[in-house]
Amino acid sequence: MVVEKAFEVGEAKAGESVLVGDEDAAVVAVLYVVEELIESATVFVETAADVCVGGFDRPSVVVSVVSKTVELPIKVAVVFLSVTGDAGVERDVVAGASITSEAEEFTVWDASVAAGRACVVKVAVSTPPFDSFGVDAKFLRELADGVRPWHRVVANYHLLLLKDSEFRNSYEPYGEDNPGIERRLRRSIDSGVDYDVTAITGRWGTEHGVNALEDLFDRPRSTTTEEFDQFEKDLAHTAQKLLEESVTAIVDEYVDRIGTSSVGLAGGVALNCKLNKCVRESPVVDDVFVQPVAHDAGLALGGGWIDYRPDEVDPLTNVYWGPEYETDDVRELLETNKIDYAEPADLERRVAELLADGALVGWFQGRLELGPRALGNRSILADPRTETSRDRVNRFVKHREEWRPFAPSMLESAAGEYLENATASPYMIDTFDVLPEKRDELRAVLHPADDTTRPQTVREEQNPRYYRLLREFEAVTDVPVLLNTSFNDHAEPIVNTPSEALKDFFGMGLDVLVLEDVVVTKRDSRFEVP
C-alpha cells in the first residue's frame with residue numbers, strides 16, 4: 001500500500017498524519033518540521049509485509065520525502081521512529097538516512113517494526129549544510145537529542161531541578177565507584193555509541209525519569225540541596241561516568257569515520273566541563289572547540305548563521321555582544337538617587353588593592369556577556385587565595401550551597417604556570433587539573449574534592465580593562481588570578497543594567513561596586529576609595 005499526502009507550509013502541524021497498514025501493524029506518518037525555504041513537500045509511506053529481519057517476520061516501513069522546490073543539494077532529513085510497546089513504554093528506534101545531492105526524491109528511512117505495535121514516523125527536514133561533511137542523519141539525531149535528559153533526570157532526583165549543569169560540574173567528584181548503583185543503571189540503559197537511556201528518561205520531561213529512579217533504587221527523591229548522603233554522591237558519580245563513556249565513544253567513532261582529530265561540541269551537555277575535559281584529553285583528539293552558548297540560548301547563533309556555510313562564519317573570539325552603558329548614564333543614575341561615588345585616577349590599580357585587602361567587588365563593565373558564564377563584564381570578584389574568601393562569597397553574596405565551587409579568571413599567559421596541559425579557555429567551559437605547587441594560591445577556586453578548576457583565560461584584546469585589572473592584581477599579590485562568579489543573587493538572572501547592579505549591591509554582602517569608571521562603597525565601609 002502507498003499513501004501520499006502533501007503539506008503546504010503553514011498548514012503542516014505536528015500530529016497531522018496518514019494511517020498505513022491495519023490494526024495489527026499501524027503506521028502513522030507525521031510531517032514534523034517543514035522549513036520555510038521549502039514551499040511544499042510530499043511524504044510517501046508504504047508497508048511491505050513478511051520482511052525477515054533478525055529471524056523474525058515483521059512488516060517493513062519505508063518513508064520517502066520529495067521536495068518539489070528545494071534547490072540542490074537536497075537538504076538533510078532526519079527521521080526516527082517511536083514504537084509504543086508493552087505497558088505503553090515508548091522507545092526510539094533510529095535509522096540512518098540515505099542522502100543524495102543529485103536527486104529530487106530520496107528515501108530517508110528504512111527499518112523494520114515489530115508487528116502488532118503502533119508506531120510514529122517523524123520526519124524532520126532541516127537546512128544546515130551537514131550533508132557535505134559526511135555526517136549521517138543518525139549522528140545528527142544523537143547530537144540533537146543528546147544525553148541531556150539522562151542527567152536532567154538524575155539532577156531532579158537529587159532535587160537540583162534546573163541546576164543540573166551545576167550538579168554535573170560540581171557534585172559528581174564527591175562520589176565514588178559504587179558497583180551496586182552501576183549494575184542497576186546498566187541493566188536499565190545502554191551506554192556507548194548506540195546509547196539508549198529512554199527506559200529511564202522517557203520522552204516528555206523529567207518526572208517520568210525521577211519516578212523510574214525512585215522505583216529502580218526503592219528510595220524517594222532528595223528533598224534538600226544542602227546535604228547529600230553517600231548513595232546520592234555515588235549516583236551522581238556513576239551518572240557522570242556513564243555520560244563520559246557514551247560521549248567519548250561517539251567522539252572516537254566519528255573522529256575515525258570523518259577522518260579528523262578536531263572536535264566541536266555544543267548542546268546542553270557541553271556545559272558539563274568535566275566531560276569536556278575527557279574529550280580534550282582523549283588520545284584521538286588534538287583540538288576541541290566548545291561553543292560557549294552551548295545550551296538552548298545558543299539557538300540564536302544557529303538562527304543567525306543558518307544561511308552561512310561554516311567557512312563563511314568569522315571565528316568566535318569573544319561573547320561580549322549584549323547591552324552597554326556610558327559612564328555619563330551611571331553618573332546621572334547615582335546623582336538622581338543621591339548615592340555618593342568616586343572616580344579613581346587609576347581605577348584598575350585601586351580595585352586590585354581593594355581585592356587584595358579582602359573586598360568583595362561587583363564589577364560592571366562594557367557589553368553584557370552572551371551565554372551562561374560571567375566573563376569579566378558582569379562579575380563578582382574576590383581574592384582567589386584563601387578558602388575564607390570563597391566562604392564569604394558563598395555566605396554573604398551568592399547565598400548558595402557550600403559544596404559548589406567557584407571558578408577563576410587568569411591571564412592566558414600565566415595559564416601554564418597553574419594548569420596541567422594548559423590551553424586557552426576564554427569561555428570558562430572546560431576543567432583542568434591544577435599543578436600541586438600552585439594549589440595554595442588558588443584555594444578559593446579549587447574544587448574541594450579533586451583539586452580541579454574551571455578557568456577563564458584572558459587576553460588583552462579580548463577584554464582590555466579586565467586584563468589590566470588582572471595585571472594590577474598580579475602586581476599587588478604576585479597572583480594573576482581572580483575569583484570570578486556571575487553578578488547576581490542566588491536563583492536570579494545576571495544583572496543587565498546599572499540599576500539592577502545597584503539593587504544587588506545594596507541587597508547583597510558586596511563591599512565595592514564598580515560601574516564603568518565609577519566606584520561606589522557602602523556607608524561606614526572600611527574600604528575607602530579616594
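Residues numbered from 1 in each chain as written. Predicted model: local features only at pLDDT ≥ 70, side-chain atom pairs only at ≥ 80, totals over all residues. Heavy atoms only, no water.

### Some words on the packing of helix H10 (residues 327-336) against helix H15 (residues 498-507)
Then, in step 1: Following both chains from N to C, one finds H10 and H15 inclined at 50 degrees, their axes separated by 10 Å at the closest point. When the axis of H10 is compared with that of H15, the two are oblique. The hand of the H10/H15 crossing is right-handed. Of the residues in H15, those touching H10 at Val 330, Leu 333 and Leu 334 are Pro 498, Ser 499 and Leu 502. (Axes fitted to C-alpha atoms, helices over the stretch in contact; angles between N-to-C directions. Helix = DSSP H or I, 4+ residues; strand = E, 2+ residues; numbered from the N terminus. Parallel < 35°, antiparallel > 145°, perpendicular 65-115°, else oblique. Left-handed = near helix turned anticlockwise from the far one by under 90°. Contact = heavy atoms within 4.5 Å.)

### Some details on the sheet that holds strand S17 (residues 456-458)
Then, in step 1: The strand order across the open sheet built from seven strands is S17-S14-S18-S13-S12-S19-S20, with neighbouring strands paired in mixed fashion. Among the strands making up the open sheet, the edge pair consists of S17 and strand S20 (518-521). Averaged over all neighbouring strand pairs, the angle between strand axes comes to 30 degrees, with direction disregarded.
Then, in step 2: As defined by bridge partners, strand S12 (residues 361-364) adjoins strand S19 (residues 512-515) across four bridges and the pair is classed as parallel. Counterpart to Val 361 in the pairing with S19 is Val 512.
Then, in step 3: Strand contacts of helix H11 (residues 347-356): S12, strand S13 (378-382), strand S18 (481-486), S19 and S20, with the helix running at about 150 degrees to S12, the strand carrying the most contacts. (Pairing = 2+ DSSP bridges.)

### Quick word on the pattern of salt bridges
Then, in step 1: For the structure on display, the rule yields 32 salt bridges.
Then, in step 2: Salt-bridge contacts for Arg 459 lead to Glu 461; the nearest nitrogen and oxygen are separated by 2.8 Å.
Then, in step 3: We classify Arg 459 as partly exposed; its relative accessible area is 27%.
Then, in step 4: Each of Lys 277, Arg 280, Glu 281, Asp 430 and Asp 433 takes part in salt bridges that share partners, so that together they form one network. (Salt bridge = Lys/Arg side-chain N within 4 Å of Asp/Glu carboxyl O. Buried < 20%, exposed > 50% of the residue type's maximum accessible area, 1.4 Å probe, protein only.)

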